[in-house]
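# Structural overview
Given next are the chains, with one letter for each unit.
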Amino acid sequence: QVQLVESGGGLVQAGGSLRLSCAASGRTNYVMGWFRQAPGKERDIAAGISRAGANTYYADSVKGRFTISRDNEQNTVYLQMSSLKPEDTAVYYCAARRGLLISRSQSEYDSWGQGTQVTVSS
């Protein structure tokens, strides 16, 4: 089991940027995803990255604005968010999956962080 701790959330104006970090401990050879959940909505994937970082996935709503990356030596996954919009406001969760492929389904992820709040003001 891997333990995940997110950081980097906060309040930012529309058009601004934030970088989220997810520090992993324990076994870290996992597919990683960043999910987000806005009030009253389902938790959906924003981005995912393969074990070695060669493959990535982005939801259409964040494509071109968010970048997921990982540093396996530091056991850390990042989500660089730019051109933020009020609709990006959500709790952002880091998740780890033992499978080989990136999945868009939260049910296929095995470990979750506690979440970090991102609020984008208009």
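The following refers to the structure shown. Computed from a predicted model, the values in this text were never measured in an experiment. (Residues numbered from 1 in each chain as written. Predicted model: local features only at pLDDT ≥ 70, side-chain atom pairs only at ≥ 80, totals over all residues. Heavy atoms only, no water.)

### Considering the sheet that holds strand 7 (residues 66–71)
What counts is decided by this rule: For two strands to be treated as a pair, DSSP must find no fewer than two bridges joining them. Numbering of helices and strands runs from the N terminus, with a helix taken as a DSSP run of H or I at least four residues long and a strand as a DSSP run of E at least two residues long. Only the stretch in contact is used when fitting a helix axis, every axis being a line fitted to C-alpha atoms; angles between N-to-C directions are given from 0 to 180 degrees.
Strands sit in the order 1-3-8-7 across an open sheet of 4 strands; the sheet is antiparallel. Edge strands, defined here as strands with exactly one partner in the open sheet, are strand 1 (3–7) and strand 7. Neighbouring strand axes in the sheet, compared pairwise and without regard to direction, differ in orientation by 15° on average. Bridge count between strand 3 (residues 18–25) and strand 8 (residues 76–81): 6 bridges; the pairing is antiparallel. Across the sheet, residue serine 21 finds its bridge partner in strand 8, namely tyrosine 78.

### A few points about the pairing of strand 3
By the bridge criterion, 5 bridges tie strand 1 to strand 3 in an arrangement that is antiparallel. Residue pairing in the sheet places serine 7 in a bridge with serine 21 of strand 3.

### Digging into the packing of aromatic side chains
Applicable threshold: In this scheme Phe, Tyr and Trp rings, the latter by its six-membered ring, pair at centre separations within 6.5 Å, and the angle between planes marks the pair as stacked below 30 degrees, edge-to-face above 60, and tilted otherwise. Remark: exposure states derive from per-residue accessible area (1.4 Å probe, protein chains only) relative to the maximum for the residue type, with buried under 20%, exposed over 50%, and partly exposed in between.
Evaluation of the coordinates by the stated rule reveals 4 aromatic pairs. Centre to centre, the rings of phenylalanine 35 and tyrosine 109 are 5.0 Å apart; their planes meet at 80°, and the pair counts as edge-to-face. Here phenylalanine 35, found in strand 4 (residues 31–37), pairs with tyrosine 109, found in the loop between strand 9 (90–97) and strand 10 (111–112); they are 74 residues apart in sequence, far enough to count as distant. Of the residues examined, phenylalanine 35 reaches a relative accessible area of 0% and is grouped as buried.

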